[in-house]
Amino acid sequence: MAKGYWVSVYPALSDPEGLTAYDELAGPAVQAGGGRLPSRIPSHGGRVVAHEAGIAQRVVLIEFDSFEQAVAAYESEAYQKALAALPDGFARDFRIVDGID
């Protein structure tokens, strides 16, 4: 069964500390949904080489055992509470994608 992934890119993150409440709720919600965090490039440090239209900003990649599990974790009550904690005016590019194998 192909894995599922959450891919989040934060194109403009002027106040990383504003994500604290979200991070505190999202981490346990993702783990409870079966998600694993194999990679995270923070907006303050970490190594990023952006090509073409890429922006060297915070990128989060979360792996799930299946696409369906990734969708269910996003729709879970716990993760919806985390989304409600995002600060006003906050923007990100968030996708749930199917793995290849």
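See above for the structure.
Residues numbered from 1 in each chain as written. Predicted model: local features only at pLDDT ≥ 70, side-chain atom pairs only at ≥ 80, totals over all residues. Heavy atoms only, no water.

(A) Seen up close, the pairing of strand β1 (residues 4-9). Judged by which residues are buried, β1 turns out to be one-sided: Gly4, Trp6 and Ser8 face inward and are buried, whereas Tyr5, Val7 and Val9, on the alternate face, are not. Relative to strand β3 (residues 59-64), β1 runs antiparallel, the two being bridged by six bridges. Counted as the bridge partner of tryptophan 6 is isoleucine 62 from β3. Bridge count for β1 against strand β4 (residues 93-98) is six bridges, and the pairing is antiparallel. Bridge pairing in β4 links valine 9 to aspartate 93. (Buried < 20%, exposed > 50% of the residue type's maximum accessible area, 1.4 Å probe, protein only. Helix = DSSP H or I, 4+ residues; strand = E, 2+ residues; numbered from the N terminus. Pairing = 2+ DSSP bridges.)

(B) Just the side chain of serine 8, in detail. Mapped onto the fold, serine 8 is located in strand β1. Excluding anything up to four places from it in sequence, serine 8 contacts Arg58, Val59, Val60, Arg92, Asp93 and Phe94. (Contact = heavy atoms within 4.5 Å.)

(C) Region of the structure containing helix α1 (residues 20-32). The terminal C-alpha atoms of α1 lie 19 Å apart, and with 13 residues this matches the ideal 18 Å at 1.5 Å per residue to within 8%. Taken together, the buried positions of α1 are occupied by Tyr22, Ala26, Ala29 and Val30. Here the buried face of α1 lies against β1, β3 and α3 (77-84). Phi turns positive, to about 90°, at glycine 34, one or two residues after α1. (Expected span 1.5 Å × (residues − 1).)

So far we have only geometry, and geometry alone does not tell us how the molecule works.
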